[in-house]
Amino acid sequence: MTVNDVLITHILFHPTGAIFEQNAIRDDEVFQLAISDLSLNDDILQSERITHSIKLIEPNNPFQAVQEACELMNQGILALVSSTGCAAANALQSLTDAMHIPHLFIQRNGDGTPRAECQLNPSPDGERYTLAARPPVRLNDVMITLVSELRWQKFIVFYDSEYDVRGLRGFLDQASRMGLDVSLQQVDRNVTKVFSTLFSTMRMEELNHYRDTLRRAILLLSPRTAQVFIHQAVETNLASKDSHWVYANEEVSDTEIMELVHSALGRMTVIRQIFPLWRDTNIRCIRNNHRISSLLCDPQEGYLQSLEVSSLYLYDSVLMLANAFYRKLEDRKWHSMASLNCMRKSTKPWNGGWSMLDTIQKGRISGLTGLMDFRSNGANSHVQFEILGTSYSETFGKDVKRLATWDSDRGLNGSLRENRAEHGMQGITLKVVTLLEEPFVMVAENILGQPKRYKGFSIDVLDALAKILGFKYEMYQVADGKYGSPQANGSWNGMIGELIGKRADVAISAITITPERENVVDFSKRYLDYSVGILMTKTEERLNIFSLLAPFDLAVWACIAAAIPVVGVMVFLLRRVQSVRTQNPPGPHQPAPVTTSFQSAIWIVYGAFVQQGGESFMSSMALRIAMGSWWLFTLIVCSSYTANLAAYLTVSRMDNAVRTFQDLSKQTELSYGTVRDSAVFEYFRVKGTNPLEQDSTFAELWRTINKNQGQDNSVTSPAEGIRKVKRDPYAFLWDMAVLEYAALTDDDCTLVVTGNSMSSKGYGLALQHGSPYRDLFSQKILDLQEKGDLDILKQKWWPRKGRCDLDKHAEPQPEGRALRLHSFAGVFCILAAGLLLACLVAALESWWNGPRCQRAQPKEDKEVNLEQVHQRLSGLMEDDLAHTQLPGQSLEISALDMGSMRPQQSSQEAMRDFPPGGLSVTSFLQEGPGVGRVPGRSLPLPLSSSTLPPSMRCKHRAPNGGLFRQSPVKTPMPISYQAVPGGPIPEAIDPSHGTSI
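Residues numbered from 1 in each chain as written. Predicted model: local features only at pLDDT ≥ 70, side-chain atom pairs only at ≥ 80, totals over all residues. Heavy atoms only, no water.

(A) Up close: the packing of helix α14 (residues 457-469) against helix α25 (residues 774-787). Orientation of α14 relative to α25, taken along the N-to-C sense of each, is 110°, at an axis distance of 10 Å. Between α14 and α25, the crossing angle belongs to the class labelled roughly perpendicular. Two secondary-structure elements touch here, α14 through A464, L465, I468 and L469 and α25 through L776, F777, K780, I781 and L784. In terms of residue class, the contact of α14 with α25 is made up of eight nonpolar, no polar and one charged. (Axes fitted to C-alpha atoms, helices over the stretch in contact; angles between N-to-C directions. Helix = DSSP H or I, 4+ residues; strand = E, 2+ residues; numbered from the N terminus. Parallel < 35°, antiparallel > 145°, perpendicular 65-115°, else oblique. Contact = heavy atoms within 4.5 Å. Nonpolar A, V, L, I, M, F, W, Y, C, P; charged D, E, K, R; others polar.)

(B) Representation of the sheet that holds strand β10 (residues 267-273). Pairing in this open sheet of eight strands is mixed, and the strands run β7-β6-β8-β9-β10-β15-β16-β17 from one edge to the other. In the strand order of this sheet, the two ends are held by β7 (181-187) and β17 (411-414), each with one partner. Taking the axes of each pair of neighbouring strands and ignoring which way they run, one obtains an average angle of 20° across the sheet. By the bridge criterion, six bridges tie strand β15 (residues 384-389) to strand β16 (residues 401-407) in an arrangement that is antiparallel. (Pairing = 2+ DSSP bridges.)

(C) Main features of the packing of aromatic side chains. Under the definition given, this model contains 25 aromatic pairs. A centroid spacing of 4.7 Å and a plane angle of 50° characterise the contact between F158 and F229, whose relative ring orientation is tilted. Of this pair, F158 sits in strand β6 (residues 154-160) while F229 is found in helix α9 (residues 223-235), placing the two residues 71 residues apart along the sequence. F229 matches F158 in its accessibility class, with the two residues each being buried. A ring pair is formed by F440 and W798, whose centres lie 5.7 Å apart and whose planes are at 65°; its orientation type is edge-to-face. Here W798 lies in the loop between α26 (789-797) and α27 (821-848) and F440 lies in the loop between β18 (429-434) and β19 (442-443), a separation of 358 residues in the sequence. Summarising the burial analysis for this pair, F440 and W798 share the class buried. Ring pairs connect the aromatic residues F440, F457, Y527, Y530, Y763 and W798, which therefore count as one cluster. When the ring centre of F698 is taken as reference, the NZ or CZ atom of K687 above it lies at 5.0 Å. Lying over the aromatic face of Y730, K724 brings its terminal NZ or CZ to 4.5 Å of the ring centre. (Phe/Tyr/Trp six-rings, centres within 6.5 Å; stacked < 30°, edge-to-face > 60°. Buried < 20%, exposed > 50% of the residue type's maximum accessible area, 1.4 Å probe, protein only. Lys NZ or Arg CZ within 6 Å of the ring centre and 35° of its normal.)

(D) Just helix α8 (residues 204-213), in detail. For α8, the complete set of buried residues consists of L207, Y210 and T213. Buried residues in α8, looked at end-on, bunch into an arc of 110°, giving them a common side. Away from its buried face, by an angle of more than 90 degrees, α8 presents the exposed residues M204 and E205. Packing partners of the buried residues in α8 comprise β6, β7, α7 (191-201) and β8 (216-220). (Arc of directions from axis to C-beta.)

(E) Quick look at the pattern of salt bridges. Inspection of every chain in the model, using the stated rule, returns 27 salt bridges. The partner of R272 in a salt bridge is E386, with the nearest N and O atoms 2.6 Å apart. One end of the pair, R272, is in strand β10; the other, E386, is in strand β15, with 114 residues separating them in the sequence. Residue D529 is joined to R526 by a salt bridge in which the shortest nitrogen-to-oxygen separation is 3.1 Å. In this structure D529 comes out as exposed when scored by relative accessible area, which is 54%. Residue classification places R526 among the partly exposed residues on the basis of a relative accessible area of 29%. (Salt bridge = Lys/Arg side-chain N within 4 Å of Asp/Glu carboxyl O.)

(F) Representation of the UniProt feature "binding site: L-glutamate" (unreviewed entry) in the protein chain in the model. The UniProt entry lists T512, R517 and D735 under the feature "binding site: L-glutamate" (unreviewed entry), expressed in the numbering used here. Tracing the backbone through its elements, the reader meets R517 in helix α16 (residues 515-518). Look at R517 and you get buried, because its relative accessible area is 3%. Those residues in contact with R517, other than ones at most four positions away along the chain, are Y483, G484, W492, I496, I511, T512, F523 and A679. Reaching out from R517, the side chain makes a polar contact with the backbone oxygen of G484 at a distance of 3.3 Å. (UniProt positions renumbered as here; feature names shortened; annotations may be inferred. Polar contact = N/O pair within 3.5 Å; in protein donor to acceptor, adjacent residues only side chain to side chain.)

(G) How the structure looks around the side chain of D37. Mapped onto the elements of the fold, D37 is located in helix α2 (residues 25-40). Looking at D37, its side chain comes within polar contact range of the side chain of Y315, at 2.6 Å.

(H) Quick peek at the side chain of S509. Here S509 lies in the loop between β22 (506-508) and α16. A distance of 2.7 Å separates a polar side-chain atom of S509 from the backbone oxygen of L435. Contact partners of S509, with chain neighbours within four places excluded, come to T434, L435, E437, F440, V441, S458, Y483, M495 and Y527.

(I) Layout of the state of the cysteines. Across all of its chains, the model carries two disulfides by this definition. C70 shares a disulfide with C342; S-S distance 1.9 Å. One end of the pair, C70, is in helix α3 (residues 62-75); the other, C342, is in the loop between α12 (309-330) and α13 (353-361), and 272 residues separate them in sequence. You'll find C70 and C342 in the same group, each marked buried. (Disulfide = S-S within 2.5 Å.)

(J) Local environment of α9. Over its 13 residues, α9 runs 18 Å from end to end, which matches the ideal 18 Å to within 8%, given 1.5 Å per residue. Taken residue by residue, α9 has P223, T225, A226, Q227, F229, I230, Q232 and A233 as its buried positions. N237, located one to two residues past α9, shows a positive phi value of around 65°. (Expected span 1.5 Å × (residues − 1).)

(K) Spatial organisation of the sheet that holds β22. Across the sheet, which stays open at both edges, the five strands sit in the order β21-β18-β22-β30-β23 with mixed pairing between neighbours. Sheet topology places β21 (472-477) and β23 (522-523) at the edges, where each strand pairs with a single neighbour. Here β18 pairs with β22 via three bridges, running parallel. Across the sheet, T434 pairs through a bridge with I508, a residue of β22.

(L) Structural detail: the nonpolar core. Core analysis: the largest hydrophobic core is formed by 86 residues, its most contacted members being F440, Y527, F684, F732 and F777. Looking at which element gives the most residues to this core, the answer is helix α24 (residues 736-744), with eight residues. Residue contacts for Y527: discarding those within four places in its chain leaves F440, F457, S458, V461, I508, S509, Y763, G764, L765, I781, Q785 and L790. Counting 58 residues, the second-largest nonpolar core is a separate cluster that includes L38, L314, Y315 and C342. (Core = buried A, V, L, I, M, F, W, Y, C linked by side-chain atoms within 4.5 Å.)

(M) Examining the environment of Q785 more closely. By the secondary structure assignment, Q785 is in helix α25. Q785 sits in the partly exposed class, given a relative accessible area of 34%. Along the primary structure Q785 and L528 are separated by 257 residues, whereas in three dimensions their C-alpha atoms are 9.6 Å apart. Residue contacts for Q785: discarding those within four places in its chain leaves R526, Y527 and L790.

(N) Molecular detail of unusual backbone geometry. Note that the residue after E438, namely P439, is joined by a cis bond; omega there is -5°. Summarising the element assignment, P439 is placed in the loop between β18 and β19. With phi around 60°, D677 is a residue other than glycine that occupies positive phi space. With respect to the helices and strands, D677 occurs in the loop between β26 (671-673) and α21 (679-688). Note on D677: relative accessible area 40%, which makes it partly exposed. One non-glycine residue, N708, adopts positive backbone phi at about 55°. Along the polypeptide, N708 turns up in the loop between α22 (697-705) and α23 (718-727).

Pasting the structure below:
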């Protein structure tokens, strides 16, 4: 078995049958497009595939429909999808009820005539397997609501000859109970003949009465028939400028509406069915993570406009079946499918049909038509209509706008009454609902007993409009403290709910204009731009006085520190080897060998590392190679350090604080959130759950914001969010304008605002749907913007130089900034440490080389025999001191010490291993008669101060100054001597004389 065979065995196929009418060419395309989308996406069916078999029948041919359905059942199907007329639907219902095959039926009306609800046959055993995917006709409910809102008492209904007048039964019953005078008249395809018959059969009085009846009319015609009818009425002078006609049809395009409006003479109102269209292009083609083909969800493709309403419900029916198939497999309640022969009486129905039907009925999907489910008596009840219209004006018939909406859950939303407010609003008092939000709306200082007064930016805008238009207003606060968001039952809370419930005329605060809100209320032009910002506390600047060590890691610094003594030892050893080779005394033209101690080698290596040079001692090739390698090493290290330091200082100038949403999503130190059930909360939900979003930033933001259903990180009000920022490590996501005001007026100036200030949204005044004041407000707001009045008001509430300066914490300028002292303090610390260490070492050296071994000196000079001195010095030359070099420092020797020296051999032999510098014996005897220099020779003594006995290393001075010394000031005068046999030296006997060596 191959790999492909294994994969095929794990794929489960779901056979599905479909029956369409031959003239519905789009139904076939849409059905196959839906199956193709399911195959390309694994969001609903992972390892399953839907196989389909399509049968085409003649329009509304019930016999052919049953025959094709039997053929499909013989092949084996799990469900049947059909898009036909009422006659074929009744026949298919009887067959599917008998065979227990789930049947999703979409009523189709291909000739453009308004749809009348199909009256399906009741099931004999009560088990109805046919589900109406297209909602029942609700035009009657919309028309009776519209008539009541317009307060019509008398009107006429024109219906198409193809229209099933039985569909008006419910409408007429309700109109009769309301006491309305309703007339009915059928319109043939030949509309011209209708009007010619009127003029030929009616007298002038009857025509005038008929003309008065035509002032209020409802047209249940196809778009083409309605256009011809309106044109003929205008041409025959039966329509007047004060007439008001209502055209009702579920399927009418924008082009057809404009043609009707331009043909009409008076006021025109149009009722049509609408479907949710997402304005955000990123999520427009996504329904419950299912990717829909752009042909069906993007209006710019042009394909969507060519589809009938039945085709849209057909696509959603396929999604509903796929959802049911997946849940059946997930619940492990799958029943095998067997072929059914509906022509045999002995054929038993499918035993898994009821289980499959129950699974479909319990499902719910969101598709092209919105929500779809069959929980209401086996029919999809979700439907929405919009009411468009024109008004009395010089531009009548040309300005078409949405007046209201109607849906099956909430009914009418908006006002249809004719309110003309074209120039002013003098004498009008508006009911205004608001919500406290600094600095838009705040409570002013109120006087006891007086109505509550408000102040703020939005209040200033409202006062400016009231001054221009001449209206007055009464303001109250919304009870639940919310701006407005849709609830699970379809209603709205907050200020939007107040407008929908007609408890307020205007809502004003920091309310943003969103597509969802515009579907239920009207908005004026924006008076302030809107964007989402991030409020945080200012990040404390971290002090690191040793930031100059940051370019290298600690391990690199340790290796560099270890390399200096290692190379120093290497240089010391190489110098030692060089010294051994040059032990012989240098010739007269040969340079004296230079010896290097270990300390000197370390000092030279360190000097080369810091690029300060050193002594030139590289006389051998080995030392040159060693030091050349070290110099190359130091060059690379210093160059790398310089480059890394420059890069580090450049990067460190940019604060590591959060500045964008990307930065916020990547950090883990701050928690963040927003106000629950707000426009910002919904914004992050939509962006974070959009599978087409390439950047994972918003997905991560939404996970944190919605943690534990928003209970952990999100708050209930903006004021709570601002307090939480001051109290905890928290970032608050909210309107940029509100956050900037909070940062400007903060007592401690510890708040900072970041985020993107560019946005396509704004703040506006919310009004009731269809409010006559919307255009006036929008026009005056534009005038205020053009005059600069709004900029003045904005500067009043958002001064750039307020109590706190927002510009001070703006992003760094491109030219950068200077290094601060705390960043460079490490260098000064190193310098200070070096200076302190130098002072400490100097003190230790002074202590070590000081007079540590002084002893008591005799009060008078001792007499010494020079012969004994000579013998003692000659003996010392032959001792182990011969290998020690005598330094050039001053050496003072007491004459008493000289007296204890042993006589040795000739001193000249002992000086062969020492340099010429030596010790001379000089006498500073008092000159007098008989006193002179003793003949003899100089005594060079190669002695080292470190090898002398303690008594010779220390200075011993007699009270009269007599001592032995080598003076650095006077040139020593050598004296010769001869041995005097027996007896002391005469000059030495006199205690007034001293001898110096």
